[in-house]
Amino acid sequence: MAHFWVRAEIKTGEARAPVTPATAQQLIDAGNLLSVELSGERAFSNGDYAAVGCEMVPSGGWVAAPANAVVLGIKELPDAPAILTHKHIFFGHAFKGQAGWRELLGRFQTGGGELLDLEYLTDDSGRRLAAFGYWAGFAGAALGLMAWARLKRGEATALKPLKPFDDQGAMVAAARDAMHGLEPPSVLVMGALGRCGRGATDLCEVLGVAPTKWDMAETASGGPFPQILDHEIFINCVLGSEDTPIFVPADAPNHAERTLTVISDVSCDPSGPNNPVPVYDRVTTFAGPVIDATGDGAPLYVTAIDHLPSLLPMEASEDYAAQLLPVLMQFDDDPDGVWARARAAFEGKLAEL
């Protein structure tokens, strides 16, 4: 059986967990060992983990964890140590040429460790077995609508600094309050048939907004797509790949007659080589959730937070951990080849160094 070491997250505002107390209990009952780092940010209390039999260990203790421990997290590692000797499971954002990929993978190469990226835990058809997409889309749509409403009212800032919502009902209420008295905007959701797109569509429809829904059929001709500029809000739920067309051209902010005023780029990959929304060059944050892609003239606000589901950390973690649990259960024997495929993705990218 495996020894999973759940590390404390270092990213500001990151409150999600890949293992909840409930799924930790199931992993332990199956004979696995769980060490959980103490954290004051995680959506679940330290006591909840201790109560189901987890070994509670100091925050950051993974650096000195036993050699056979599998370090499990959500977002990025700290910059130190310079060499990584353990097996790590997290979203590395390093296999598609994103900024800093060489430096990160070089740390694994030097130390002999492995990055088994959560994004690459797939079935044999390439479909991800666990994803936060629904809640990312849900939250991204809420932020897009709230930013649009504040812009419509002439507020000085498109969005105030954010903090996690108590639950999805609180998020819906905040978006409804922001839109009170305004006619529903025109919204286009790209990737509407996927997990992320369904979340964005559900949020819109709860608030009485009927979005235009686009997916592969509508983009088969290749972009850019001027129809997007005819909507007030564009919600992108498609992560760019070599086959993904440009959705919004880089010169979109300069289109004098565009209707588009808000982009919520849920997929959020500004440093990737296949970014389909190349009008901005950096992610936004909870502290600064919006940037203006124009700088002057008619605003084109962009919100592109790379950990949107952490705005709903409880729902997002419970959903994700339930999807991830059966994959973790087969870590050692790997009957479906899930971990072998993840390892092959890592080794393939490592070879490029």
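Provided above is the structure to which this section pertains.
Residues numbered from 1 in each chain as written. Predicted model: local features only at pLDDT ≥ 70, side-chain atom pairs only at ≥ 80, totals over all residues. Heavy atoms only, no water.

Draft legend 1. Representation of the pairing of strand 1 (residues 3-6) in the model. Side chains of strand 1 alternate between two faces, with His3 and Trp5 and Phe4 and Val6 buried alike. Pairing analysis gives 4 bridges linking strand 1 to strand 2 (residues 33-37), with the strands arranged parallel. Within strand 2, the position partnered with Val6 by the bridge is Val36. This β-α-β element, strand 1 to helix 1 (residues 21-29) to strand 2, shows right-handed connectivity. (Buried < 20%, exposed > 50% of the residue type's maximum accessible area, 1.4 Å probe, protein only. Helix = DSSP H or I, 4+ residues; strand = E, 2+ residues; numbered from the N terminus. Pairing = 2+ DSSP bridges. Right-handed = clockwise from strand over helix to strand, strands pointing away.)

Draft legend 2. Just the pattern of salt bridges, in detail. Scanning the entire structure with this criterion turns up 11 salt bridges. Put simply, Lys213 and Glu205 hold a salt bridge, and the shortest N to O gap is 3.2 Å. Note on Lys213: relative accessible area 44%, which makes it partly exposed. The partly exposed category is assigned to Glu205, whose relative accessible area is 41%. (Salt bridge = Lys/Arg side-chain N within 4 Å of Asp/Glu carboxyl O.)

Draft legend 3. Just the packing of aromatic side chains, in detail. As enumerated under the stated definition, the model contains 14 aromatic pairs in all. Between Phe95 and Tyr120 the ring centres are 5.0 Å apart and the planes differ by 55 degrees, which places this aromatic pair in the tilted class. Within this pair, whereas Phe95 is found in the loop between strand 5 (87-89) and helix 3 (101-111), its partner Tyr120 is found in the loop between strand 6 (114-115) and helix 4 (133-152), the two being separated by 25 residues in sequence. Relative accessible area serves as the criterion here: at 11%, Phe95 is assigned to the buried category. With centroids separated by 6.4 Å and ring planes inclined at 80 degrees, the aromatic side chains of Phe234 and Phe247 adopt a geometry described as edge-to-face. One end of the pair, Phe234, is in strand 9 (residues 233-236); the other, Phe247, is in the loop between strand 9 and strand 10 (262-265), and 13 residues separate them in sequence. Phe247 matches Phe234 in its accessibility class, with the two residues each being buried. Sitting over the face of the ring of Trp101, Lys349 holds its NZ or CZ atom 4.3 Å from the ring centroid. (Phe/Tyr/Trp six-rings, centres within 6.5 Å; stacked < 30°, edge-to-face > 60°. Lys NZ or Arg CZ within 6 Å of the ring centre and 35° of its normal.)

Draft legend 4. Inspection of the sheet that holds strand 1 at higher detail. Here we have 6 strands laid out as an open sheet, ordered 3-2-1-4-5-6, and parallel in their pairing. The sheet terminates laterally at strand 3 (55-57) and strand 6, the two strands that pair on one side only. As judged from the 3 bridges shared by strand 1 and strand 4 (residues 70-72), these two strands associate in the parallel manner. Bridging across to strand 4, Phe4 finds its partner in Val70.

Draft legend 5. Just unusual backbone geometry, in detail. The step from Ala80 to Pro81 runs through a cis peptide bond, and the omega angle for that step is 5 degrees. A cis amide bond links Gly223 with the next residue in sequence, Pro224, at an omega value of -5 degrees. You will see that His93, though not glycine, has its phi angle at about 50 degrees, which is positive. Along the chain, His93 turns up in the loop between strand 5 and helix 3. You will see that Asp334, though not glycine, has its phi angle at about 50 degrees, which is positive. Along the chain, Asp334 turns up in the loop between helix 9 (313-329) and helix 10 (338-351). According to the relative accessible area criterion, Asp334 is buried, its value standing at 16%.

Draft legend 6. Geometry of the packing of helix 4 against helix 5 (residues 168-179). Packing of helix 4 against helix 5 brings their axes to within 8 Å, and their N-to-C directions diverge by 20 degrees. If you check the angle between helix 4 and helix 5, you find them roughly parallel. Considering how the two elements wind past one another, helix 4 and helix 5 form a crossing that is left-handed. Packed against helix 4, whose contacting residues are Trp135, Phe138, Ala139, Ala142, Leu145, Met146 and Ala149, the element helix 5 presents Gln168, Met171, Val172, Ala174, Ala175, Ala178 and Met179 at the interface. Residues of the contact of helix 4 with helix 5, tallied by class, amount to 13 nonpolar, 1 polar and no charged. (Axes fitted to C-alpha atoms, helices over the stretch in contact; angles between N-to-C directions. Parallel < 35°, antiparallel > 145°, perpendicular 65-115°, else oblique. Left-handed = near helix turned anticlockwise from the far one by under 90°. Contact = heavy atoms within 4.5 Å. Nonpolar A, V, L, I, M, F, W, Y, C, P; charged D, E, K, R; others polar.)

Draft legend 7. Spotlight on the sheet that holds strand 11 (residues 291-292). In spatial order, the strands read 8-7-9-10-12-11; together these 6 strands make up an open sheet with mixed pairing. The open sheet has two free edges, formed respectively by strand 8 (212-214) and strand 11, since each of these has just one partner strand. Sheet topology places strand 9 next to strand 10; 4 bridges connect them, and they run parallel. When the sheet's bridge partners are listed, Phe234 is paired in strand 10 with Ile263. Packing against the sheet, helix 6 (residues 195-206) makes contact with strand 7 (187-190), strand 8 and strand 9, and its axis sits at approximately 160 degrees to strand 7.

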